[in-house]
Amino acid sequence: MSVEPGRIPAPDRATKQLLWDRMIASKQTVSSYVVMLDGGSLETLDLTAAQAEGFECLTCKSQHTTESGAFRPVGHIPSVGTVFQCLKCAGGAR
Ligand SMILES: [Zn+2]
């Protein structure tokens, strides 16, 4: 098996998925966050840490992975991060 010089072999898919699942599982604590929506309004929402940090859709909690790709930033939480919705939710509810 030949590896290009200078390239570090990437972790395989199963390993990546396992690490991702663990990371998401560690972020399921729900707290209240004040979200600044892109329209300029402030809303207090009960979100998991994963949602607040942009790893899950704000509405349906589907995971924001590089594969899913179709997420749209809808606002941000000061000092936490940007929140996203999947295109299905972003297109529907607003
Ligand atoms: Zn969604």
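The coordinates are above.
Residues numbered from 1 in each chain as written. Predicted model: local features only at pLDDT ≥ 70, side-chain atom pairs only at ≥ 80, totals over all residues.

Description of the overall build of the chain
Link 1 in the chain: What the chain contains, in helices and strands, is 3 helices and 4 strands.
Link 2 in the chain: Here the chain, with 94 residues, has 16% of them falling under the buried criterion.
Link 3 in the chain: Put simply, of all contacts in the chain between residues at least 6 apart along the chain, 43% involve residues at least 24 apart. (Helix = DSSP H or I, 4+ residues; strand = E, 2+ residues; numbered from the N terminus. Buried ≥ 20, exposed ≤ 12 C-beta atoms within 10 Å, placed from the backbone. Contact = placed C-beta atoms within 7 Å.)

Section: the environment of Phe-84
Link 1 in the chain: Structurally, the position occupied by Phe-84 is in strand β4 (residues 81–86).
Link 2 in the chain: Sequence separation between Phe-84 and Glu-56 is 28 residues; the distance between their C-alpha atoms is 7.1 Å.
Link 3 in the chain: Sequence-distant contacts of Phe-84, defined by excluding residues within four places in its chain, comprise Gly-54, Cys-57, Leu-58, His-64, Phe-71, Arg-72, Pro-73 and Val-74.

Here we look at the sheet that holds strand β1 (residues 30–37)
Link 1 in the chain: Taken together, 4 strands build an open sheet; the order of strands is β2-β1-β3-β4 and the sheet is antiparallel. Looking at strand neighbours, the two that pair on one side only are β2 (42–48) and β4, the edges of this open sheet. The sheet shows a mean angle of 50° between the axes of neighbouring strands, direction not considered.
Link 2 in the chain: As defined by bridge partners, strand β3 (residues 71–77) adjoins β4 across 6 bridges and the pair is classed as antiparallel. Note on β4: the bridge partner recorded for Arg-72 is Gln-85. (Pairing = 2+ DSSP bridges. Axes fitted to C-alpha atoms, helices over the stretch in contact; angles between N-to-C directions.)

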